[in-house]
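Here is what each chain is made of, one letter per residue.
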Amino acid sequence: MNEEDVVVEFLTTDDPEAAAILLSIIIAYYMDNYDLEIAEFASENELSIEFNPVNKTAYEEYLTDLFIDMRLRVQEKQIELENEDKATAKALLLIFVQQNYERLKVTEMGNIKQTVQLEVVAYLQAMDYNVRIFKRWVAHSGCCDVCKALNGTTIPIDQPFLVNGQTVELASGKEFIYNYIDRGVAIAHPNDQCYIEFILIFN
Ligand SMILES: [Zn+2]
């Protein structure tokens, strides 16, 4: 079974025990990717990876919650589809599951990449007191107004780009209130393709 099949099974099974096992397989798949990204980014920068990734546990908990929430949403959808005939309900549910998972996967693979980069660069800064490292939000082309407003924001690596309740002033003059988890990486919403760039300043 590939990871996508495991996710579909996790999201749609009625058996809570099976779901728990499937969830641990999914989380292990993503966390393996986390370790792989650390190894890759570290080797690109000729660093040893013998350090303790400080964000890993929190990320794993966050990801686990995301999948549990998605399973709840799928169960709600299943109830919504109860009046459809069986085959239609099944097909519609599968589309719902695939679309939701696709979005989560794109977002979280990007999130892992950026979180890992932060891990490695924060470690670098801690090791070398002569360097101060900043991160910059780089908006992707065709991004939304919120990401456009955040484009170019440059802050120390240990500060969040977005905190829950923060007001973002848009180019239109309108204000947007961000009300989600604090973000240390350049991701404001699902499917966000923004990324971070690092700026090193040597004393
Ligand atoms: Zn955006």
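These numbers come from a predicted model, not from an experiment.

(A) Seen up close, the packing of helix 1 (residues 3-12) against helix 4 (residues 86-127). Following both chains from N to C, one finds helix 1 and helix 4 inclined at 120 degrees, their axes separated by 10 Å at the closest point. Of the possible angle classes, the one that applies to helix 1 and helix 4 is oblique. For helix 1 against helix 4, the interelement crossing comes out right-handed. Between helix 1 and helix 4, the contacting residues are Glu 3, Glu 4, Val 7, Val 8, Leu 11 and Thr 12 on the first element and Leu 93, Leu 94, Val 97, Tyr 101 and Lys 105 on the second. Across the contact of helix 1 with helix 4, the residue classes break down as seven nonpolar, one polar and three charged.

(B) View of unusual backbone geometry. You will see that Asn 191, though not glycine, has its phi angle at about 70 degrees, which is positive. Examined against the element boundaries, Asn 191 turns out to sit in the loop between strand 4 (175-177) and strand 5 (195-202). On the accessibility criterion, Asn 191 (38% relative accessible area) is partly exposed.

(C) How the structure looks around the coordination of the zinc ion. Taken together, the protein donors to the zinc ion comprise Cys 144 (SG), Cys 147 (SG) and His 189 (NE2), at separations of 1.9 to 2.3 Å. All donors to the zinc ion come from one chain, and their sequence spacing reads C-x2-C-x41-H. Of the two residues, Cys 144 sits in the loop between strand 1 (131-138) and helix 5 (145-150) while His 189 sits in the loop between strand 4 and strand 5, which places them 45 residues apart along the sequence. On the basis of relative accessible area, Cys 144 is assigned to the partly exposed category, the value being 31%.

Cut-offs and rules
- Residues numbered from 1 in each chain as written.
- Predicted model: local features only at pLDDT ≥ 70, side-chain atom pairs only at ≥ 80, totals over all residues.
- Heavy atoms only, no water.
- Axes fitted to C-alpha atoms, helices over the stretch in contact; angles between N-to-C directions.
- Helix = DSSP H or I, 4+ residues; strand = E, 2+ residues; numbered from the N terminus.
- Parallel < 35°, antiparallel > 145°, perpendicular 65-115°, else oblique.
- Left-handed = near helix turned anticlockwise from the far one by under 90°.
- Contact = heavy atoms within 4.5 Å.
- Nonpolar A, V, L, I, M, F, W, Y, C, P; charged D, E, K, R; others polar.
- Buried < 20%, exposed > 50% of the residue type's maximum accessible area, 1.4 Å probe, protein only.
- Donors = N, O, S within 2.8 Å, 3.2 Å for Na, K, Ca; no water.

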